[in-house]
Amino acid sequence: MCHRFDPDHIKTIDPDLSLATLKHNLESQQATLATKLETLEKIKTVSEEQSGSESLGTSKIKTSLCCLIEAIATSLETKEFCEMLGQNQGFLQELIGLLHLNSGASDAGIKAISALCCSELNQESFIAEGLIDGLVMYISSINRGQTVKALATLELLLSLENGREAVINNTIVIHVLVKMVFRVSNHEVSESAVSLLLIICYESLKAREKAISARVLTQLLLLLQSQCSFRAKNKARLLLKLLRSVWAEDPTVCKLQYGLVDT
């Protein structure tokens, strides 16, 4: 659950700024484009003015702003406005930058990004600005609050050709996902990781080889023996079947994983 804006922080910048005013200006069908752009400028001012304060206050403001963006992005009345936001390069870069922080602002950033990515136009823009690498960096850190949503967003972006290309070109994504295949405490994460690996490995032989080298076979076998859902196990079997092509072409690649040949 997102925290509300702190009115005390906002009123120090402009007494006319309030959560109700910001939401009304951005969501209202009667508000002009100029009014909405002015509102965004005021939001930006809040962020900039708070940048000199202690880190906790800055994180709180960023979290609140992300919650407002998420609320706007999930409203049917502001779909066109959200697509306009998605064409703002600086705005997208600032959101992606939150994913590298180790704070609640990064979790709120994922939720805002996920909501904005409901638009395919915004997906293209986010990919161009490096969202794939930001998502991979986010999920590579442990104890993230929105890992499942980040994985779901990553899978959504894989529906686009440039998204698949960006994922395949990421140097650590296979290793990160393989480590997530068998999660005793979170089967939802496991299923999402297998789903992503299925898509990536289907696209690239090199990705299949990387997955095997990262010991994905062991992880999949452990997953199949766990109490995960039937759906997750079915995906795991499909991935194992897909990886057989690597075994058929070069058995050494698979044997290396189990130490069956000298290196």
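Rules and cut-offs
Residues numbered from 1 in each chain as written. Predicted model: local features only at pLDDT ≥ 70, side-chain atom pairs only at ≥ 80, totals over all residues. Heavy atoms only, no water. Helix = DSSP H or I, 4+ residues; strand = E, 2+ residues; numbered from the N terminus. Buried < 20%, exposed > 50% of the residue type's maximum accessible area, 1.4 Å probe, protein only. Expected span 1.5 Å × (residues − 1). Contact = heavy atoms within 4.5 Å. Core = buried A, V, L, I, M, F, W, Y, C linked by side-chain atoms within 4.5 Å. Salt bridge = Lys/Arg side-chain N within 4 Å of Asp/Glu carboxyl O. Axes fitted to C-alpha atoms, helices over the stretch in contact; angles between N-to-C directions. Parallel < 35°, antiparallel > 145°, perpendicular 65-115°, else oblique. Left-handed = near helix turned anticlockwise from the far one by under 90°. Nonpolar A, V, L, I, M, F, W, Y, C, P; charged D, E, K, R; others polar. Polar contact = N/O pair within 3.5 Å; in protein donor to acceptor, adjacent residues only side chain to side chain.

A. Main features of unusual backbone geometry. Here Arg215, not a glycine, exhibits a phi torsion of approximately 70°, which is positive. Within the element layout of this structure, Arg215 appears in the loop between helix H14 (205–213) and helix H15 (216–224). In this structure Arg215 comes out as partly exposed when scored by relative accessible area, which is 44%.

B. Just helix H13 (residues 187–203), in detail. The end-to-end C-alpha separation of H13 is 25 Å, in line with the 24 Å expected for 17 residues at 1.5 Å each. Taking burial as the measure, the 17 residues of H13 include 12 buried ones, the bulk of the element. Residues of H13 that are buried include every one of Val189, Ser190, Glu191, Ser192, Ala193, Val194, Ser195, Leu196, Leu197, Leu198, Ile200 and Cys201, and no others.

C. Structural view of helix H9 (residues 131–140). Of all 10 residues in H9, 7 are buried, a share of seventy percent or more. Residues of H9 that are buried make contact with helix H6 (89–98), helix H7 (104–116), helix H8 (120–128), helix H10 (147–157), helix H11 (161–169) and helix H12 (173–180).

D. Here's a closer look at the environment of Ile200. As for its placement among the helices and strands, Ile200 is situated in helix H13. A residue is classified by how much of its surface remains accessible, and Ile200, at 3% relative accessible area, is buried. Separated by 45 residues in sequence, Ile200 and Glu155 place their C-alpha atoms 9.7 Å apart. Those residues within four positions of Ile200 in sequence are excluded, and the remaining contacts are Leu158, Val167, Ile168, Val173, Ile174, Leu177 and Ala207.

E. Structural view of the environment of Ala166. Looking at where Ala166 falls in the secondary structure, it is placed in helix H11. Along the backbone, Ala166 and Ala128 are 38 residues apart, and their C-alpha atoms lie at a distance of 9.2 Å.

F. Spatial organisation of the nonpolar core. Leu95, Phe126, Leu131, Ile139, Leu177, Val216 and Leu239 are the most contacted members of the largest nonpolar core, which has 66 residues in total. The dominant element in this core, judged by the number of residues it contributes, is H13, at 8 residues. Setting aside its immediate chain neighbours within four residues, Leu95 contacts Cys66, Ile69, Ala112, Ile113, Leu116 and Phe126.

G. Region of interest: the pattern of salt bridges. Taken as a whole, this structure holds 3 salt bridges when the rule is applied. Arg164 is the salt-bridge partner of Glu203, the closest N and O atoms lying 3.5 Å from each other. With Glu203 in helix H13 and Arg164 in helix H11, the pair connects residues that are 39 residues apart, well separated along the chain.

H. Fine view of the packing of H7 against H10. With their axes 10 Å apart at the nearest point, H7 and H10 run at an angle of 30° to one another. In terms of orientation, H7 lies roughly parallel with respect to H10. The way H7 lies across H10 gives a crossing that is left-handed. Along the contact surface, H7 presents Ile110, Lys111, Ile113 and Ser114, while H10 presents Lys149, Ala150 and Thr153. Here the residues of the contact of H7 with H10 sort into 3 nonpolar, 2 polar and 2 charged.

I. Examining the side chain of Asn122 more closely. Checked against the element boundaries, Asn122 lands in helix H8. By relative accessible area, Asn122 is classed as buried at 0%. A distance of 3.0 Å separates the side chain of Asn122 from the backbone oxygen of Leu116, its partner in a polar contact. Every residue in contact with Asn122, bar those within four places of it in the chain, is listed here: Cys82, Glu83, Gly86, Gln87 and Leu116.

Treat this as a map of the structure, not an account of what it does.
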